[in-house]
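# A structural walkthrough
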Amino acid sequence: MTKERLITGKTKLLGVIGHPVEHSLSPVMHNAALAQLVVASRREASRREDIAQLGLDYIYLPFPIEPQNLEVAIAGFAAIGVVGFSVTIPHKQAIIPLLSEITPLAQTIGAVNTVSRQDNRWVGTNTDIEGFIAPLQTTYKQDWSQKIAVILGNGGAARAVVAGCHQLGFAKIYVLGRNVQKLQAFCDSWSNSPIEENLQVGTWDELAKLIPQANLLVNTTPIGMYPKVDQSPLSVEEMANLPTGAIAYDLIYIPKPTQFLQQAEKQGAIAIDGLEMLVQQGVAALKIWLQSETLPVEVMRQALQNHLGLRE
Ligand code: NAP
């Protein structure tokens, strides 16, 4: 199928801001979806003008924006009619004061990854929670209310994972990290939130005690990521105590599978890698920008797999 795109005077602008931004996978995924939507609407429309009338004429671009230029860039986006944009490192927190509103989800996580223009105002949200929980709500759906989640790492992604586990209703959420001060700050950041009740933080020393109880074990650290693909956050001996049938979820999407997931599968656990989270957080963002529930999710997944050289 041809993916030829015609940029017209009616083409609307989406994008991603970050610094650096050249490694972002979002343009690949979103432009594949947007191209597919144009092709689909061409089939329906007899005249080219109809594409714009259907409101499906968008393009998604990377915008490298240095931190000191963030405010002026966002004002510029408003001036040129940008419809929405993704936010990546280092702007996920810095963008918040520049927005008119942020959703309770983004408030809970303390970071924004998706911004949309609504009634001449910038509204921020965070779609990482939706991305993370998507496979746990569909393929592996179950009653989580008696289940225990063990989360390795306490960085930015761990915040979305904690909020996601809370949303799914986990009885207990343990977060393990290596830096006691950062762990304490992580724990304190949830005070006065309903998440506080189910959350407990600890150091990696507690891993041996927690692994046999884990129903869901999530790696949010970069350990095992390319190029250090032979590393895992757990030793083989530690992983040997993971209960059969538990879910091991690695947020890393390359290599596929990671050492962590290979060890877990040998143990009889169910393995979920980070690719679906990446796809589903993008789907959630596109739904907001396009105000549409019907999106070519498989096209987005395939575009990422092809780009990353992954084959199912
Ligand atoms: P981050 O904010 O830098 O957090 C990383 C966490 O891992 C920190 O708690 C850090 O500990 C810990 N860590 C790093 N190296 C470690 C080591 N050698 N031993 C023990 N702990 C270590 O990063 P992030 O944004 O949360 O991202 C984390 C991972 O998730 C990355 O691999 C990223 O690619 C992936 N991710 C995937 C998706 C997706 O859609 N699939 C989305 C977001 C992130 P300290 O705080 O002590 O430094």
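Since this is a predicted model, take the numbers as computed values, not measurements. Throughout this description, residue numbers start from 1 for each chain and increase along the sequence as written. Only residues with pLDDT of 70 or above have their local features reported here, since the model is predicted, and side-chain atom pairs are shown and tallied only from 80 upward, although totals for entire chains, interfaces and linings are computed over all residues. In computing side-chain properties, one takes all heavy atoms of the structure into account and sets aside hydrogens as well as water.

## Comments concerning the nonpolar core
Threshold: We call a set of buried Ala, Val, Leu, Ile, Met, Phe, Trp, Tyr and Cys residues a nonpolar core when their side-chain atoms join them within 4.5 Å. The rule is simple: take the accessible area with a 1.4 Å probe, protein chains only, and divide by the maximum for that residue type; under 20% is buried, over 50% is exposed, in between is partly exposed. What counts as a helix is a DSSP run of H or I of at least four residues, what counts as a strand is a run of E of at least two, and both are numbered from the N terminus.
If you look at the biggest cluster of nonpolar residues, it comprises 31 residues, and the most contacted ones within it are Phe132, Leu136, Ile151, Val162, Cys165, Leu216 and Tyr249. The biggest single contributor to this core is helix H6 (residues 156-168), with seven residues. Counting residues in each nonpolar core, the second largest holds 24 residues, with Val16, Ala33, Leu275 and Val283 among its members.

## A short note on the domain arrangement of the protein chain
For interface size, the figure often reported is the accessible area lost on association. Put simply, the rule is: Throughout, the edges of the domains are those of an automatic or database domain assignment. In what follows, a contact means two residues having at least one pair of non-hydrogen atoms within 4.5 Å. Any Lys or Arg side-chain nitrogen located within 4 Å of an Asp or Glu carboxyl oxygen qualifies as a salt bridge. Nitrogen and oxygen atoms within 3.5 Å of one another constitute a polar contact, given that in protein one can donate a hydrogen and the other can accept it, and given that sequence-neighbouring residues count only through two side-chain atoms.
As assigned here, the protein chain comprises domain 1 (12-126 + 279-308) and domain 2 (130-272). Each of domain 1 and domain 2 has a C-alpha centre, and the two are 28 Å apart. Counting residues at the interface gives eight residues for domain 1 and 11 residues for domain 2. Across the contact surface, domain 1 and domain 2 share zero salt bridges. In this assembly, domain 1 and domain 2 are joined by one residue pair in polar contact (both at pLDDT 80 or more).

## Concerning helix H10 (residues 259-266)
Structural remark: α-helix, 3.6 residues per turn; residues separated by three or four positions point the same way. As a reminder of what qualifies: Comment: arc refers to directions from the helix axis out to C-beta atoms.
Three or more residues of H10 are buried, namely Phe260, Leu261, Gln263 and Ala264. All buried residues of H10 lie within an arc of 160 degrees about the axis, which places them on one face of the element. Buried residues in H10 make contact with strand S7 (148-152), strand S10 (216-219), helix H9 (236-239), strand S11 (247-250) and strand S12 (270-272).

## Section: the sheet that holds S12
In plain terms, the rule: At least two DSSP bridges between two strands are needed for those strands to be called paired. Simply put, an axis is a line fit to the C-alpha atoms, just over the touching stretch for a helix, and the angle between two N-to-C directions goes from 0 to 180 degrees.
Read across the open sheet, the six strands follow the order S9-S8-S7-S10-S11-S12; overall the sheet is parallel. Two strands in the sheet have a free side with no partner beyond their single neighbour: strand S9 (199-203) and S12. Direction aside, the axes of adjacent strands within the sheet are offset by 20 degrees on average. With five bridges connecting them, S7 and strand S8 (residues 172-177) associate as parallel partners. Bridged to Ile151 within S8 is Val175. Contacting S8 and S9, helix H7 (residues 180-188) crosses the sheet at an angle of about 175 degrees to S9.

## Some points on the packing of helix H5 (residues 128-137) against helix H11 (residues 275-290)
Note the cut-off: Just so you know how the angles are binned, under 35 degrees is roughly parallel, over 145 roughly antiparallel, 65 to 115 roughly perpendicular, and the rest oblique. By convention the crossing between two helices is left-handed if the near helix lies anticlockwise of the far one by an angle smaller than a right angle, and right-handed if it lies clockwise.
Relative orientation of the contacting elements H5 and H11 amounts to 130 degrees, with a least axis distance of 7 Å. Taken together, H5 and H11 sit at an angle that is classed as oblique. In this structure, H5 meets H11 at a crossing whose hand is right-handed. Residues Asp128, Glu130, Gly131, Phe132, Ala134 and Pro135 of H5 lie in contact with H11, whose contacting residues are Glu276, Met277, Gln280, Gln281 and Ala284.

## Notes on the pattern of salt bridges
Per the stated rule, a full pass over the model turns up seven salt bridges. With a closest N to O distance of 3.5 Å, Lys209 and Glu206 form a salt bridge. With relative accessibility at 52%, the residue Lys209 sits in the exposed group. We classify Glu206 as partly exposed; its relative accessible area is 25%. Arg301 serves as the salt-bridge partner of Glu276, at 2.7 Å between the closest nitrogen and oxygen.

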